[in-house]
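Residue-level listing of the chains:
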Amino acid sequence: MSQNRVMETLLERRSVRAYRSEQISEEELTDILHAAKYAPTARGLQARHFTVIQNKQFIAEIVFAAKGNSVNDGEAPFYNAPTMIVLSAPQDAKYGREDCACAIMNIMLAAQALGLGTCYICSVLNGLRDAGILSRLKLPEGYIPFGSVAVGYPKEHAPAPKERRTDDISYIR
Ligand SMILES: Cc1cc2nc3c(=O)[nH]c(=O)nc-3n(C[C@H](O)[C@H](O)[C@H](O)COP(=O)(O)O)c2cc1C
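- Under an unreviewed UniProt entry, the name given to the protein is Nitroreductase, and the organism recorded is Caproiciproducens galactitolivorans.
- Reading the Sequence similarities (unreviewed entry) entry of the UniProt record for the protein gives the comment "Belongs to the nitroreductase family."

This is the structure in structure tokens:
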């Protein structure tokens, strides 16, 4: 396998589910968002929106909107990450979900390159789409969330990756 810095970043990224409480720097945030804006978008329309949330109270409200009273003490779908980035796209866009996923991937890889941890979070999507929360995400008209990503300094090393499947590539030559 050829080795270079990009390949290392791709292979070393893991979902991080424990974060230190300190906030990421403005410079790191700017770099991550800059990288995210260079992700591909369908027809090059850049029809996706980033909402950066660095407010613990609002994050708790999103979790409550997603889980209601079923949320257990200590359960934290965002793993107490100090920054959440929500990706939204027009509700009726044909490839809105894909545009958001590509941006999230760039966020995760840029963060990895900077020594930060991330985790793609979809489990609270219904909370993000709750009318009361949606109205506070500062989205353009007609946009809805398609995913989010937790960002922060990792508290510990993430577990080693699972073995990769060996039966999932077909070649037609
Ligand atoms: C579309 C999508 C949604 C995900 N949603 C969640 C989530 O809600 N919570 C979570 O802890 N991890 C979530 N993950 C992370 C996956 O569980 C993780 O990528 C997978 O277990 C492989 O681990 P790795 O990222 O360390 O390689 C999501 C990943 C993807 C691609």
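**Overview of the environment of Y19**
Line of reasoning, step 1. The topology assignment puts Y19 in the loop between α1 (5-12) and α2 (26-37).
Line of reasoning, step 2. Along the sequence, Y19 and I107 sit 88 residues apart, while their C-alpha atoms lie 17 Å from each other.
Line of reasoning, step 3. At 3.3 Å, the side chain of Y19 and the backbone nitrogen of C119 are in polar contact.

**Overview of a nonpolar patch on the surface**
Line of reasoning, step 1. On the surface, a nonpolar cluster with roughly 460 Å² of combined accessible area is contributed by M1, V6, L10 and L11.
Line of reasoning, step 2. Relative to the helices and strands, L11 resides in helix α1.
Line of reasoning, step 3. The class of L11 is partly exposed, set by a relative accessible area of 49%.

**Quick word on the site of the ligand**
Line of reasoning, step 1. In the region of the ligand, the neighbouring residues are R13, R14, S15, R17, Y79, C119, Y120, I121, C122, S123 and R164.
Line of reasoning, step 2. With respect to the ligand, the side chain of R14 contributes an N or O atom lying 3.1 Å from an oxygen atom.
Line of reasoning, step 3. Between an oxygen atom of the ligand and a main-chain N or O atom of C122, the distance comes to 3.0 Å.
Line of reasoning, step 4. When the ligand sits alone it has 620 Å² of accessible area, and the protein chains cover 59% of it.

The rules behind each value
Residues numbered from 1 in each chain as written. Predicted model: local features only at pLDDT ≥ 70, side-chain atom pairs only at ≥ 80, totals over all residues. Heavy atoms only, no water. UniProt positions renumbered as here; feature names shortened; annotations may be inferred. Helix = DSSP H or I, 4+ residues; strand = E, 2+ residues; numbered from the N terminus. Polar contact = N/O pair within 3.5 Å; in protein donor to acceptor, adjacent residues only side chain to side chain. Patch = residues over 30% accessible without salt bridge, like charges linked within 9 Å, V, L, I, M, F, W, Y side chains within 5 Å. Areas by Shrake-Rupley, 256 points an atom, 1.4 Å probe, with all protein chains shown as cover. Salt bridge = Lys/Arg side-chain N within 4 Å of Asp/Glu carboxyl O. Buried < 20%, exposed > 50% of the residue type's maximum accessible area, 1.4 Å probe, protein only. Near = heavy atom within 4 Å.

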